[in-house]
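The chain contents come next:
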Amino acid sequence: MALLRDPLLNKGTAFTESERAALGLRGLLPPCVLTMETQAQRVLTNLRTLPTDLEKYVALNALHDRNEALFFRVVVDNIDEIQPIIYTPTVGLACQKYGLIFQRPRGMFISSRDRGQIAELLKNWPYQAKLIVVTDGERILGLGDLGANGMGIPVGKLSLYSACAGVHPEACLPVVLDVGTNNDELLNDPYYLGLRERRLTGEAYDSFVDEFMQAARKTFPGVLIQFEDFANHSAFKLLHKYRDEACVFNDDIQGTAAVALAGLFSALRVNGGKLKDQKILFLGAGEAATGIADLVVSAMMAEGVSEADALRRNWLVDSRGLVVGGRQGLHGHKLRYAHADQAPIADFLTAIRTLKPTAIIGVAAVGGAFTPEVLKTMAELNEQPIVFALSNPTSKAECSAEDAYRYTEGRALFACGSPYDPVTLNGRSFVPRQGNNSYIFPGVGLGVIASGSKLVTDEMFMAAAHTLADCVGKDDLAQGSLYPSLPRIREVSVRIAAAVADVAFQRGLADGPAPNDVKALVQSQMYEPHY
Ligand SMILES: O=C([O-])CC(=O)C(=O)O
Ligand SMILES: [Mg+2]
């Protein structure tokens, strides 16, 4: 019976006659033995009868809790259909409703009440974690502070690690650091499951996170820790504090940067431009914006321009207007882009008219901010304007795919943060693809784990961006796709992982000498969802 209740071992009705006899399962299952294929078909049939995406999320979550192999089989074989349910956009709604739809816990909930005992708590995790995705829930996608409900994000990200890059589910540990929430709606929600108190801040917050970091690294030596959906003020600070001593990265800063840079490389293959000649205007000035801009600056410099010139080609607009030199109260990460000799500009459209960018990248979680006027202006200024509406979930997208194509007469080179269906305009069909870090983090994580790298470096994200761009074919570009198709994601992840592992070996960060065949090393470590 224990076997049927262990999701890592359970095969349900697929246990064979001989297994049933040997393992004490006779009489505990209906007599018919099904194949995994039939089980997967049954799951899909049921899923497709459910009227809402949230119900599909709940059903898939329940399957995940019963039978991991079958869950991942279904995800891997139907990634286009399933990813939008277990990941963005539906995962955003699932986080908002986390308390209501709660059935079984997954991952570890470490609250500020556990201070001084985190190492002891981590011993309760029954597996040897190699990969932790951790959030404090303060900025879940573009939805803001969801407190402990943010657990849905580490769970969803780690599902993609196993599905898209074959990191073994047993090696994956989702963690929420519950330091309270400032979201009054949640504090008053009878089903909210987190601490009912305001967020821990300052020294108390820093030492709590530090206790977690030390305890996690001691309990799980060599573990890779991914920071996810922390608010700006914590995200930059934590990355800075740990990146040179621990195996960590921030997906919202570095993963998003790599996927956006790859999208730019693809867009430039279409319009024939060079990165170093672009002028990029970001709507947003947080983790994603400066993460992308920093990587773009490095990539521009690799094309031979000076740092000063590269910086000058990247501009940020935040809630207070264009980021310019001398503006009061600018934070550290924005300062590189606070250009002197530019008068303040209050709004995004005027910034476009003044600066004449070749690309706009939306990462501010302001839904609809790329208005028809914005899009038309970009199309007046550029033969083929680059328009990335990356905010998540769909309700926060700067514009829909349809609007991006319609208001630019089909000339936009477009990427989006959440999935959009193909668009037909004047008889031409466009297939927009997601500029989402989900193309990057699974492969990066696999490469880091496979090589046993001690650190995660910017060079690895640069390599990941180039590799992802290399995976985009002419047929993709011809239909307006700046990324490869999702069903190719495991092949793409292997290539990214090999490129990342190569960097680890070359830089002496790996825990051994380079093998002859890095790609084979990576592949040998991948989990396949089979019985
Ligand atoms: O999860 C996603 O879809 C991308 C991401 O990291 C975020 O929006 O915070
Ligand atoms: Mg994120």
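Residues numbered from 1 in each chain as written. Chains lettered and ligands numbered in written order. Predicted model: local features only at pLDDT ≥ 70, side-chain atom pairs only at ≥ 80, totals over all residues. Heavy atoms only, no water.

## Some points on the domain arrangement of the chain
Thought 1: Segmentation of the chain into domains returns domain 1 (35-246), domain 2 (254-436) and domain 3 (440-524).
Thought 2: For domain 2 and domain 3, the distance between their C-alpha centres works out to 25 Å.
Thought 3: Each side of the interface is counted separately: domain 2 has 28 residues, and domain 3 has 21 residues.
Thought 4: Here domain 2 packs against domain 3, burying approximately 2000 Å² in sum over the two surfaces, 62% of which is carbon and sulfur.
Thought 5: Of all residues in domain 2, Gln254, Arg269 and Arg433 bury the most surface against domain 3, accounting for 31% of the area lost on that side.
Thought 6: Where domain 2 packs against domain 3, one counts one salt bridge.
Thought 7: Where domain 2 packs against domain 3, one counts eleven residue pairs in polar contact (both at pLDDT 80 or more).
Thought 8: Broken down by secondary-structure element, the contributors of at least two residues to the side of domain 2 that touches domain 3 are helix 13 (251-271), helix 14 (287-302), strand 11 (413-416), strand 13 (428-430) and strand 14 (433-434).
Thought 9: In terms of residue count, the dominant contributor to the side of domain 2 that touches domain 3 is helix 13 (13 residues).
Thought 10: Among the residues making up the side of domain 2 that touches domain 3, the classes are represented as 17 nonpolar, eight polar and three charged. (Domains from an automatic or database assignment. Contact = heavy atoms within 4.5 Å. Buried area = accessible area lost by both parts, 1.4 Å probe. Salt bridge = Lys/Arg side-chain N within 4 Å of Asp/Glu carboxyl O. Polar contact = N/O pair within 3.5 Å; in protein donor to acceptor, adjacent residues only side chain to side chain. Helix = DSSP H or I, 4+ residues; strand = E, 2+ residues; numbered from the N terminus. Nonpolar A, V, L, I, M, F, W, Y, C, P; charged D, E, K, R; others polar.)

## Some thoughts on helix 9 (residues 152-165)
Thought 1: With 14 residues, helix 9 ought to run about 20 Å at 1.5 Å a step, and its terminal C-alpha atoms sit 19 Å apart, in line with that.
Thought 2: The buried fraction of helix 9 amounts to 14 of the 14 residues, a majority that puts the element mostly inside the structure.
Thought 3: In the segment just after helix 9, Gly166 is the residue with positive phi, at about 70°. (Expected span 1.5 Å × (residues − 1). Buried < 20%, exposed > 50% of the residue type's maximum accessible area, 1.4 Å probe, protein only.)

## Examining the coordination of the magnesium ion (ligand 2)
Thought 1: For the magnesium ion (ligand 2), the protein coordination sphere consists of Glu228 (OE), Asp229 (OD) and Asp252 (OD), at 2.0 Å.
Thought 2: Within one chain, the residues serving as donors to the magnesium ion (ligand 2) are arranged as E-D-x22-D. Of this pair, Glu228 sits in the loop between strand 4 (224-227) and helix 12 (232-242) while Asp252 sits in helix 13, placing them 24 residues apart in sequence. (Donors = N, O, S within 2.8 Å, 3.2 Å for Na, K, Ca; no water.)

## Regarding the site of ligand 1
Thought 1: In the vicinity of ligand 1, the residues found are Tyr87, Thr88, Arg139, Leu141, Lys157, Glu228, Asp229, Asp251, Asp252, Asn392, Asn436 and Asn437.
Thought 2: Between ligand 1 and Glu228 there is a distance of 3.0 Å, counted from an oxygen atom to a side-chain nitrogen or oxygen.
Thought 3: Within the side chain of Asp252, one N or O atom sits 2.9 Å away from an oxygen atom of ligand 1.
Thought 4: Relative to its free-state accessible area of 260 Å², ligand 1 is covered by the protein chains to the extent of 91%.
Thought 5: Of the residues assigned to the shell around ligand 1, the class counts are two nonpolar, four polar and six charged. (Near = heavy atom within 4 Å. Areas by Shrake-Rupley, 256 points an atom, 1.4 Å probe, with all protein chains shown as cover.)

## Structural notes on the packing of helix 4 (residues 68-77) against helix 5 (residues 79-86)
Thought 1: In the contact formed by helix 4 and helix 5, the axes pass within 6 Å of each other and the chain directions differ by 115°. Counted together, Phe71, Val74, Val75, Val76 and Asp77 of helix 4 and Ile79, Ile82 and Ile86 of helix 5 form the full contact between these two elements.
Thought 2: In terms of residue class, the contact of helix 4 with helix 5 is made up of seven nonpolar, no polar and one charged. (Axes fitted to C-alpha atoms, helices over the stretch in contact; angles between N-to-C directions.)

## Points about the sheet that holds strand 2 (residues 131-135)
Thought 1: If you trace the five strands from one edge of the open sheet to the other, you get 1-3-2-4-5, paired in parallel fashion. Because the sheet does not close on itself, it has two edges, and the strands there are strand 1 (108-111) and strand 5 (248-250). When strand polarity is set aside, the average angle formed by the axes of neighbouring strands in this sheet is 25°.
Thought 2: Judged from the four bridges that link them, strand 1 and strand 3 (residues 172-178) form a sheet pairing that is parallel. Among the inter-strand pairings, Met108 is bridged to a residue of strand 3, identified as Val175.
Thought 3: With respect to the sheet, helix 13 is in contact with strand 4 and strand 5, its orientation differing from that of strand 5 by roughly 75°. (Pairing = 2+ DSSP bridges.)

## Some details on the packing of aromatic side chains
Thought 1: Summed over all chains, the structure comprises 13 aromatic pairs.
Thought 2: When the ring of Tyr439 is compared with that of Tyr483, the centres are 5.3 Å apart and the planes differ by 15°; the resulting orientation is stacked. On the criterion of sequence distance, the pair formed by Tyr439 in the loop between strand 14 and helix 19 (441-451) and Tyr483 in the loop between helix 21 (474-478) and helix 22 (489-506) is long-range, its members being 44 residues apart. In this structure, Tyr439 and Tyr483 share a single accessibility class: buried.
Thought 3: Here a set of aromatic residues connected by ring pairs shows up, and it is made of Phe71, Phe72 and Tyr527. (Phe/Tyr/Trp six-rings, centres within 6.5 Å; stacked < 30°, edge-to-face > 60°.)

## A closer look at the environment of Thr467
Thought 1: Mapped onto the elements of the fold, Thr467 is located in helix 20 (residues 458-470).
Thought 2: For Thr467, a relative accessible area of 12% puts it in the buried group.
Thought 3: A C-alpha to C-alpha distance of 28 Å links Thr467 and Ile140, two positions 327 residues apart in sequence.
Thought 4: Setting aside residues up to four positions removed in sequence, Thr467 forms contacts with Arg495, Ile496 and Ala499.

## Quick word on the packing of helix 19 against helix 22
Thought 1: One way to put it is that helix 19 packs onto helix 22 with a least axis distance of 7 Å and a crossing angle of 45°. With respect to helix 22, the element helix 19 is oriented oblique. Crossing angle aside, the handedness with which helix 19 passes helix 22 is right-handed. Here helix 19 contributes Pro442, Gly443, Val444, Leu446, Gly447, Val448 and Ser451 to the contact with helix 22, which in turn contributes Ser493, Ile496, Ala497, Val500, Ala501, Ala504 and Phe505.
Thought 2: Among the residues forming the contact of helix 19 with helix 22, the class breakdown is ten nonpolar, four polar and no charged. (Parallel < 35°, antiparallel > 145°, perpendicular 65-115°, else oblique. Left-handed = near helix turned anticlockwise from the far one by under 90°.)

## Quick word on the pairing of strand 9 (residues 359-362)
Thought 1: Burial along strand 9 is two-sided: Ala359 and Ile361 and Ile360 and Gly362, pointing in opposite directions, are all buried.
Thought 2: Relative to strand 10 (residues 386-389), strand 9 runs parallel, the two being bridged by four bridges. Within strand 10, the residue paired with Ile361 across the bridge is Phe388.

## What to know about unusual backbone geometry
Thought 1: The step from Thr88 to Pro89 runs through a cis peptide bond, and the omega angle for that step is 10°.
Thought 2: When you line up the elements, Pro89 lands in the loop between helix 5 and helix 6 (90-96).
Thought 3: Backbone torsion omega between Asn392 and Pro393 reads -10°, so that peptide bond is classified as cis.
Thought 4: One non-glycine residue, Asp229, lies in positive phi territory at about 55°.
Thought 5: Turning to its location among the elements, Asp229 is positioned in the loop between strand 4 and helix 12.

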